[in-house]
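Commentary on secondary and tertiary structure
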Amino acid sequence: MTFPTWVLAGFWGLVSGSALLLGAAVGYYLSVPQRLIAAVVAFGSGVLISTLSLELMEDAYEKGGFNSTALGFLGGAVMYTLANWLLARHGAKHRKRSGHHQHAERKAVRAQAKADNEPESDNGMAIAIGALLDGIPESIVIGLSLLAGGAVSTVAVVAIFLSNLPEGLSSASGMKKAGRSSRYVLLLWGGIALVSGVASLVGYTVFSHFSPQVVSATTAVAAGAILAMLADTMIPEAFAVAHNFTGLITVLGFLASFFLSKMAE
């Protein structure tokens, strides 16, 4: 049975996004050592760096040339950085941290609301928006990969799945320490997984009508946002615990993704 391409786009986006929910469940219900979490985060960072370098940027350059690729890449990084800065001001700076950072941040937001005589609130909404911000660019990439010829990039799906696991794992571990309920954590990451499928579907259906230059720039935007996300959230979490081993583990992740890309040729 042959499925329409737009259905496949949504399906593969959902598959890659499901790793967030799987990682979150493991991080919340199992007592995973922080050093192991940091190692997995570092590995996932290497996987994504390899993917955006060897897959996304190369594909963007081949389709649209240097100008549209560079403009999109810088634009994606700028947009992510500004959005991340705003979210950090509202209590979502440490949304990927597995330690007690989220707990301290949640208390600070509540204390500030009390000092300002505002209704009691915390940073739950900011964390949810931050999770969306981190996940959408990766999912759009999967949809865009189908534009080349109707076949999804296996490397992109596997790489994003492998990088999503530590994202959900680290964040959920920190959320548990911050006093978040299992219902909140699982609904949040389950919702992000569903949105990942929708984002992938949108990436295919919307951009299938645009020129190669626009697709190139959009792919580069996603790559820029992903790299900025890695530098701002995932790599600091890995280094905070793994320290001097972070670079080596990241290199191993890069090599694994590089191997996958060559095997797919």
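Per an unreviewed UniProt entry, the chain goes by the name Zinc/iron permease and belongs to Hymenobacter roseosalivarius DSM 11622. Quoted verbatim from the Sequence similarities (unreviewed entry) field of the UniProt record, the comment on the chain reads "Belongs to the ZIP transporter (TC 2.A.5) family." Of the comments in the UniProt record for the chain, the one headed Subcellular location (unreviewed entry) reads "Cell membrane".

Next up on the list: the overall build of the chain. When its secondary structure is counted, the chain shows 8 helices and 0 strands. Beginning at the N terminus, the succession of helices and strands in the chain can be written as α-α-α-α-α-α-α-α. Within the chain, the proportion of its 265 residues that are buried is 46%. Pairs at least 24 apart in sequence give 86% of the contacts found in the chain among residues at least 6 apart. Accessible area of the chain: about 12500 Å², with a carbon and sulfur share of 70%.

All right, on to helix 7 (residues 212–242) then. A maximum bend of about 45 degrees is found in helix 7 at L230. In the stretch just after helix 7, H243 is the one whose phi turns positive, near 50 degrees.

Here we take up the packing of aromatic side chains. Across all of its chains, the model carries 3 aromatic pairs by this definition. A ring pair is formed by Y28 and Y29, whose centres lie 5.4 Å apart and whose planes are at 75 degrees; its orientation type is edge-to-face. Its relative accessible area of 12% is what places Y28 among the buried residues. Plain terms: the ring middles of F207 and F210 are 5.6 Å apart, the flat faces sit at 45 degrees to each other, and that makes the pair tilted. For F207, a relative accessible area of 17% translates into the label buried.

Sequence positions flagged by UniProt for "transmembrane region" (unreviewed entry) are, in local numbering, residues 6–29, 36–54, 66–87, 140–164, 184–207, 214–235 and 241–260. Across residues 66–87 one finds 100% helix and 0% strand; the C-alpha atoms that close the span lie 31 Å apart. Helix and strand shares over residues 214–235 are 100% and 0% respectively, and the end C-alpha atoms of the span are 30 Å apart.

As a packed pair, helix 2 (residues 34–89) and helix 7 sit with axes 4 Å apart at the nearest point and diverge in direction by 155 degrees. The pairing of helix 2 with helix 7 is recorded here as roughly antiparallel in orientation. Crossing angle aside, the handedness with which helix 2 passes helix 7 is left-handed.

Compared with the 36 Å implied by 1.5 Å per residue over 25 residues, the 36 Å span of helix 1 (residues 5–29) between its first and last C-alpha is a close match. Among the residues of helix 1, those classed as buried are A9, G10, G13, S16, G17, A19, L20, G23, A24, G27 and Y28.

As for its placement among the helices and strands, V185 is situated in helix 6 (residues 182–207). Considered as a pair, V185 and A128 are 57 residues apart in the sequence and their alpha carbons are 9.7 Å apart. Here V185 is in contact with A24, Y28, A172, M175 and R180, once residues within four sequence places are set aside.

Here we come to a nonpolar patch on the surface. On the surface, a nonpolar cluster with roughly 370 Å² of combined accessible area is contributed by V198, V202, V206, F210 and V214. Element by element, the count of residues in the nonpolar patch is highest for helix 6, at 3 residues. Its location among the elements puts V202 in helix 6.

Taken as a whole, this structure holds 1 salt bridge when the rule is applied. Its salt-bridge partner being K63, residue D59 comes within 3.3 Å of it at the nearest N-O pair. Of this pair, D59 and K63 are both found in helix 2, 4 residues apart, which corresponds to roughly one turn of the helix. Residue classification places K63 among the partly exposed positions, given a relative accessible area of 24%.

Positionally, S257 belongs in helix 8 (residues 246–263). Here the alpha-carbon distance between S257 and L54, two residues 203 residues apart in the chain, equals 9.2 Å. Aside from chain neighbours lying at most four places away, what touches S257 is V47, S50, T51, V155 and A159. A distance of 3.5 Å separates the side chain of S257 from the backbone oxygen of V47, its partner in a polar contact. Engagement of the side chain of S257 in a polar contact is seen with the side chain of T51, the distance being 3.1 Å.

Let us now look at the side chain of S163. On the secondary structure map, S163 appears in helix 5 (residues 154–177). Of the polar contacts made by the side chain of S163, one reaches the backbone oxygen of I160; its length is 2.9 Å.

About the thresholds
Residues numbered from 1 in each chain as written. Predicted model: local features only at pLDDT ≥ 70, side-chain atom pairs only at ≥ 80, totals over all residues. Heavy atoms only, no water. UniProt positions renumbered as here; feature names shortened; annotations may be inferred. Helix = DSSP H or I, 4+ residues; strand = E, 2+ residues; numbered from the N terminus. Buried < 20%, exposed > 50% of the residue type's maximum accessible area, 1.4 Å probe, protein only. Contact = heavy atoms within 4.5 Å. Areas by Shrake-Rupley, 256 points an atom, 1.4 Å probe, with all protein chains shown as cover. Bend = angle between axes of the 7 residues up to and from the residue. Phe/Tyr/Trp six-rings, centres within 6.5 Å; stacked < 30°, edge-to-face > 60°. Axes fitted to C-alpha atoms, helices over the stretch in contact; angles between N-to-C directions. Parallel < 35°, antiparallel > 145°, perpendicular 65-115°, else oblique. Left-handed = near helix turned anticlockwise from the far one by under 90°. Expected span 1.5 Å × (residues − 1). Patch = residues over 30% accessible without salt bridge, like charges linked within 9 Å, V, L, I, M, F, W, Y side chains within 5 Å. Salt bridge = Lys/Arg side-chain N within 4 Å of Asp/Glu carboxyl O. Polar contact = N/O pair within 3.5 Å; in protein donor to acceptor, adjacent residues only side chain to side chain.

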